[in-house]
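Here is how the chains run, residue by residue.
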Amino acid sequence: MGIIYRVNMTDLSVRAQTPDECDRELGGRGLTSRIVADEVPPNGHPLSEENKLILAPGTLTGTGAPCSGRLSAGAKSPLTRTIKEANSGGMGAIALATCGVQAIVLEGKPADGKLHRLVVTPEGIRIEPAGDLAGLGNYETVARQFDEFGDKISCISIGQAGEMRAAAASIAVTDIEGRPTRHCGRGGLGAVMGSKGVKVIVVDPTGGKRPKPADPDAFRRGAKKFNAALAQHPLTGDGLPKFGTNSLANVINAAGAYPTRNFKDGRFEGTEPISGERQHDIILERGGEIAHPCHRGCTIRCSRTYVDENGRFVTKGPEYETIWAHGANCGIDDLDAIARMDRLDDDFGLDTIETGATIAVAMEAGIIPFGDAEGAIQLIEEVGRGTPLGRLIAAGAEVLGKAYGIARVPTVKGQAMPAYDPRAVQGIGVTYATSTMGADHTAGYAVAPNVLGVGGKVDPLKPDGQVELSRNLQIATAAIDTSGLCLFVAFAVLDDPAAMEGICEMLTGLLGRPFSADDFLALGKRTLAAERRFNAAAGFNPAWDRLPDFFRKEKLPPHDATFRVPDEELDKVYSEIE
Ligand code: SF4
């Protein structure tokens, strides 16, 4: 059991709290959503002192469980105005767990608007002035912390976008090399951190202790079984380490579901130069790295290190969603230009999906033409300079679309859709429409059975079975996000019963009481129910659980598909949960 720290940014005080009965076994999204649902006024402004930003490692984080280093951030979102949880890899969560932290709850906001730095150690948390960090990007911000504190620390920080309280601002988490490459990207939670006046949280775990399982033998047995299942699955054991997340580019393009030029086509003629296979070859030719873990203890290792022609580090990955958002969705087929955009997004602290989608809307508006890589880079640089156009870009696709009178804006509840067209993957359309957090592929990854043949097979072009599929995936995902496990473990969980058994055995060993698959799913249902309760109180009714109407009207080539899941079916997604 860890400590929940209440950090009041109004009077700059810190209170350590022992978790009560209902929070004792919670971590990650289960804990962040429980606190937001119970303590944040649903109708309050997301940037007001009433909102709270909660940072929580998962239940298994720090225990040595494979792939369990996720850090959840939760708050009311400035982008969607719903409840929001976004989680990230990197070393921040493991460092917090080693300091004995179950959660940090940032409350209030400084009356003078000044920025601060939090320093977390096993002894507690202290608040300091941020000094001359104001206005810096994430890279320079964290480099100064490593210079000052040494290489054992991890950092959780915001860049210029978070300081501007922009609705597409992310929270950066440093990776194993101390770079701010991992992000709680979605929903503008970096803006909430900025509104709390926190520039960076330095976590120094020196002298701390990892969480200890109550029954170490049971835990070890579970971890071994789980790891074996991950190693044996073709995606988690081979495809993801070798080609990374961007191995999806060719697959989704072949399925006719790769959104191209702001969701006008399902296939991009420039996919090959930005594919995972090409990325793999470029990285190895230039001396970069594949099969790279974003935190210690990740055995899947889907990340990579992208270097320029002279072998100098540019950025991590980039990941599939990032390459798509700045690539096919903008008509750009230049991987080096996309890597530069990813680096800028990470430095300024921007969600790469929202940023790419916003640039595509800017192209639709005629600000720059589709395919203009240098123009796209300049638009992101406007964010770093804080120009009026840069602030519009950082406010997200929906705001830019309104500013320029664009009708085709691919958002749900204000959040841009990721890299799967819902007309060609109907199951992910159900998830986009009904997720508690706006359009979010990670909320219920129906792409797996719709396209990848993982976890069964459901025809991606037909509405049949998609509601039940999305519901089950959304429940399982909420539980995985609570455990601190990386969502990519779900590929093995969906196909191999031993993976789920391993997770339950690890939780049994950790908690010292029997923990079944039913207990796991109950955790997911409870989390979703709390999130739905918050959203309903904030004014979100079933009419919000819809895709923009152009997805029902415009036919998507090459299948000439439209989104065909009826509204009354969408309204049944949560019927067994609430
Ligand atoms: S699988 Fe990839 S994203 Fe997940 S923890 Fe490992 S490196 Fe990070």
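Before reading further, recall that the structure is shown in the block above.
Residues numbered from 1 in each chain as written. Predicted model: local features only at pLDDT ≥ 70, side-chain atom pairs only at ≥ 80, totals over all residues. Heavy atoms only, no water.

(A) Here's a closer look at the nonpolar core. Ranked by internal contacts, the top residues of the largest apolar core, which has 130 residues, are Ile 252, Tyr 258 and Tyr 420. Apart from residues lying up to four places away in sequence, Ile 252 is in contact with Ala 257, Tyr 258, Gly 266, Tyr 320, Ala 419, Tyr 420, Val 447 and Val 451. Judged by nonpolar contacts, the second largest core, of 30 residues, contains Leu 53, Ala 73, Ala 75 and Ala 86. (Core = buried A, V, L, I, M, F, W, Y, C linked by side-chain atoms within 4.5 Å. Buried < 20%, exposed > 50% of the residue type's maximum accessible area, 1.4 Å probe, protein only. Contact = heavy atoms within 4.5 Å.)

(B) Looking closely at the side chain of Asp 345. Its place among the elements puts Asp 345 in helix 11 (residues 335-348). Residues contacting Asp 345, with those up to four places away along its chain left out, are His 326, Leu 350, Thr 352, Thr 355 and Ile 380. (Helix = DSSP H or I, 4+ residues; strand = E, 2+ residues; numbered from the N terminus.)

(C) Spotlight on helix 11. Taking 1.5 Å of rise per residue, 14 residues should cover 20 Å, and helix 11 covers 20 Å from first to last C-alpha, within 8% of that figure. Burial runs high along helix 11: eleven of the 14 residues are buried. All of the buried residues in helix 11 are Leu 335, Ala 337, Ile 338, Ala 339, Met 341, Asp 342, Leu 344, Asp 345, Asp 346, Asp 347 and Phe 348. Measuring from the side-chain oxygen of the N-cap residue of helix 11 to the backbone nitrogen of Asp 336 gives 3.0 Å; that N-cap residue is Asp 334. (Expected span 1.5 Å × (residues − 1). Polar contact = N/O pair within 3.5 Å; in protein donor to acceptor, adjacent residues only side chain to side chain.)

(D) Highlighting the pairing of strand 14 (residues 303-307). With five of its five residues buried, strand 14 lies for the most part within the structure. Bridge count between strand 13 (residues 289-292) and strand 14: two bridges; the pairing is antiparallel. Each residue of the ladder has a partner; that of Glu 289, found in strand 14, is Thr 305. The pairing of strand 14 with strand 15 (residues 313-316) spans three bridges and is classified as antiparallel. Bridged to Thr 305 within strand 15 is Lys 316. The hairpin formed by strand 14 and strand 15 contains five residues between the paired strands, and Gly 311 there has a positive phi angle of roughly 80°. (Pairing = 2+ DSSP bridges.)

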